[in-house]
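# Summary of the model geometry
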Amino acid sequence: MALPLFLPCAAGVESLLEEEIARILPSKPLYPTRGGVGLDGSPSDVMKLNLHSRLAMRVLAEVAEGPYRDERDLYHLARSVDWLQWITPRHTIRVDTTATHSPLKSLNFAALKIKDAVCDVLRDATGERPNVDTRHPDLPLQLHVGTERASIYVDTSGESLFKRGWREDKGDAPLKETLAAAMLAAAGWRGTPEAGGALHDPCCGSGTIAIEAAQIACDIAPGLLRRFAFERLLPFADEAMRAEWQRQKSVAQNRIRPSAVPIHASDVSFRMVDFARRNAERAGVAHAIQFNGGDALERPAPALPDALPGTLVINPPYGERIEVAGKAARPSAEDRDTPDDFFPRLATHWKRAYTQHPAGWTAWVLSPDMKLPQAMRLKESRRVPMWNGPIECRLFRFDMV
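Residues numbered from 1 in each chain as written. Predicted model: local features only at pLDDT ≥ 70, side-chain atom pairs only at ≥ 80, totals over all residues. Heavy atoms only, no water.

### Details of the overall build of the chain
Check the secondary structure of the chain and you find ten helices and 15 strands. Its C-alpha atoms give the chain a radius of gyration of 23 Å, within 12% of the compact-globule value 21 Å for 401 residues. Taken along its principal axes, the extent of the C-alpha atoms in the chain is 75 × 45 × 35 Å. For the chain, with 401 residues in total, the buried portion stands at 54%. Summarising the internal contacts of the chain: among those between residues at least 6 apart in sequence, 77% fall at separations of at least 24. By element, 49% of the accessible surface of the chain is carried by carbon and sulfur atoms, the whole surface being about 17900 Å². Across the chain, the mean location of the 51 positive side-chain charges is 1 Å away from that of the 51 negative side-chain charges. (Helix = DSSP H or I, 4+ residues; strand = E, 2+ residues; numbered from the N terminus. Rg over C-alpha atoms; globule rule 2.2 N^0.38 Å. Buried < 20%, exposed > 50% of the residue type's maximum accessible area, 1.4 Å probe, protein only. Contact = heavy atoms within 4.5 Å. Areas by Shrake-Rupley, 256 points an atom, 1.4 Å probe, with all protein chains shown as cover. Lys, Arg positive; Asp, Glu negative; His and termini not counted. Charge placed at Lys NZ, Arg CZ, Asp CG, Glu CD.)

Shown next as C-alpha cells:
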C-alpha cells in the first residue's frame, strides 16, 4: 500500500526536516516545499516517521486531491475514497480544516461535508455510520483547501508530534518540543563530542531544550512514550503490521545508550528546576542532565575537559518589557517578560565566564528581536529564521572567544 505522505513543520525548519527524514529513511526521494516535506511511503514508513521524527508536526497520508469550486465538490472528492480500507462503523472520526486563500465562506461547513461523505460511504456499504469524537477520534482527518484545489489527509499521528508523552509540569509559556529540537538541529548539536560537545541551557524553564538534547544524546526515539492514531486504523491492524510496529519499537529501545557528553540545565526559579527534573524523569533522561538553580546572570560556566567544546542553547523570555525590582524579578525561560538590561548583562557575564575555556563555547539564542546582537553588544556569526508559533524569530549564533 503506497501512500503519498506529507510531514508539516514550523516555518524555517523545512531543510532541517528534509535532512532528518533522509536519516530516518535513507535513499527515499523527498519533495521539500513551503511548510513541510513530502514523500511516497509505506505503512511501515509511517510507523518509522511517527516514532523517530523530532521536527515534524504530524505525519499525514494523502487519500484524495483534486479541484473544487464549492462544498459539493469537496463532498464528492471525499466520497471517492474507499473509507472501508481505513475504518469500520465502530470507529470514530473528526475533520479539521486549514485554508490558503480559499473562496469558501465557512470552513466548518466544509468539514461537515467531508464528515457526511465518510459517513455516507460506510452507511451505503454496511448500513451503519461512524460517530464523531472531537477529542480522541480513531480517524482524524485534515482537509486543506487552496484557491482551486483541495487535499484530504488521514492524520496518522493523532495528537501533534510535539507531544512526546513526558511533559506534565510546565510554566506559563512552554517551548514546544519540536522547536527545541529544531534549535538543536540548526546548531548542529548531535550529542557527541564532535558535534556540539557539552550543552548548557541557563534559562531552562521546564526543561524542554535540555530534555530534547538528552534524548538525542541517549538516542531515545521521541515517540517511544506515546500512542499514535495509526495504531487504531485498518491498514495497520493486521497481525503482520502489529508485529512490525513491535519490532520497530524494540529496535528503538535497544538503541538507547548513555550520553557521551555532559548536559547542564539551570534556572533562577527553583520551582521551574523542580518541574524540569520531574519532566526529565518521565522522559527517561534525568540521569543524563545536571540540574541546578541559579541566576543566568551569575552562574559560572560548567567545568568541562579542556578538549571538549560547549554549546549554550537558550530560549530567553520575551514580551512586554517591565521594570525590574530586585533579583526575584529576573526571568526564567517560561516567563513572558524580560528586564530591560537583561541581555547586555547576560552578554557581559558570558564574556567573563565562557571565554576562558580552551575548546570554546558557542551560544545560540532564539529571539524575535532582530536587533538582539546590538542589545548584547556581540557580533553574531549566523542567524537562522525560525518561528515560535505565530512569532517570527531568529536563532542567533555567538562565538564565545
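### Points about the side chain of Glu244
Tracing the backbone through its elements, the reader meets Glu244 in helix 7 (residues 239-254). For Glu244, a relative accessible area of 18% translates into the label buried. A distance of 3.1 Å separates polar atoms of two side chains, one belonging to Glu244 and the other to Arg247. The contacts of Glu244, once residues within four sequence positions are left out, are Ser44 and Met47. (Polar contact = N/O pair within 3.5 Å; in protein donor to acceptor, adjacent residues only side chain to side chain.)

### Comments concerning helix 3 (residues 71-79)
Here helix 3 has its buried residues at Glu71, Leu74, Tyr75, Leu77 and Ala78. The buried residues of helix 3 occupy an angular sector of 160° when projected down its axis, which confines them to one face. Counted as exposed and oriented over 90 degrees from the buried face of helix 3: Arg72 and His76. Looking at the packing, one finds that the buried side of helix 3 touches strand 4 (60-67), helix 4 (107-126), strand 7 (139-145) and strand 8 (149-155). (Arc of directions from axis to C-beta.)

### Structural notes on the sheet that holds strand 3 (residues 36-41)
Within the open sheet, the eight strands sit side by side as 2-3-1-4-8-7-5-6. Their pairing is mixed. In the strand order of this sheet, the two ends are held by strand 2 (30-33) and strand 6 (131-132), each with one partner. Where strand 2 and strand 3 come together, four bridges link them in antiparallel fashion. Residue Pro32 lies in a different strand from strand 3, and its bridge partner there is Val37. The strands touched by helix 2 (residues 43-52) are strand 1 (3-8) and strand 3; relative to strand 1, the strand with the most contacts, the crossing angle is about 15°. (Pairing = 2+ DSSP bridges. Axes fitted to C-alpha atoms, helices over the stretch in contact; angles between N-to-C directions.)

### Overview of the state of the cysteines
Per the counting criterion, the structure on display carries zero disulfides. Cys204 supplies the cysteine sulfur nearest to Cys203, a cysteine that is in no disulfide, at a spacing of 8.3 Å. Not part of a disulfide, Cys218 finds its nearest cysteine sulfur in Cys204, a span of 17 Å. Of the residues examined, Cys218 reaches a relative accessible area of 1% and is grouped as buried. (Disulfide = S-S within 2.5 Å.)

### Observations regarding the confidence of the model for the chain
Confidence in the prediction of the chain, expressed as mean pLDDT, is 92, and 93% of residues score 70 or more. For the stretch residues 320-336, pLDDT sits under 50, and the model shows 58 contacts to residues farther than four places along the chain or on other chains. (pLDDT = per-residue confidence, 0-100.)

### Regarding the pattern of salt bridges
Inspection of the entire model under this criterion finds 24 salt bridges. The partner of Arg345 in a salt bridge is Asp341, and the shortest N-O contact between them spans 3.4 Å. With relative accessibility at 34%, the residue Asp341 sits in the partly exposed group. Linking Arg383 and Glu380 is a salt bridge whose minimum nitrogen-to-oxygen distance equals 2.9 Å. (Salt bridge = Lys/Arg side-chain N within 4 Å of Asp/Glu carboxyl O.)

### Details of the side chain of Gln248
With respect to the element layout, Gln248 can be found in helix 7. For Gln248, a relative accessible area of 4% puts it in the buried group. At 3.2 Å, the side chain of Gln248 and the backbone oxygen of Ser44 are in polar contact. Here Gln248 is in contact with Ser44, Met47, Lys48 and Leu51, once residues within four sequence places are set aside.

### Observations concerning unusual backbone geometry
Even without a glycine there, the phi angle at His101 is positive, about 55°. Looking at where His101 falls in the secondary structure, it is placed in the loop between strand 5 (92-99) and helix 4. Overall, His101 belongs to the exposed group, its relative accessible area being 68%. Of note, Asp219 is a non-glycine position whose phi angle comes to about 55°, a positive value.

### A short note on helix 4
With 20 residues, helix 4 extends 29 Å from end C-alpha to end C-alpha; this agrees with the ideal 28 Å at 1.5 Å per step. Buried residues in helix 4 make contact with helix 3, strand 5, strand 6, strand 7 and strand 8. (Expected span 1.5 Å × (residues − 1).)

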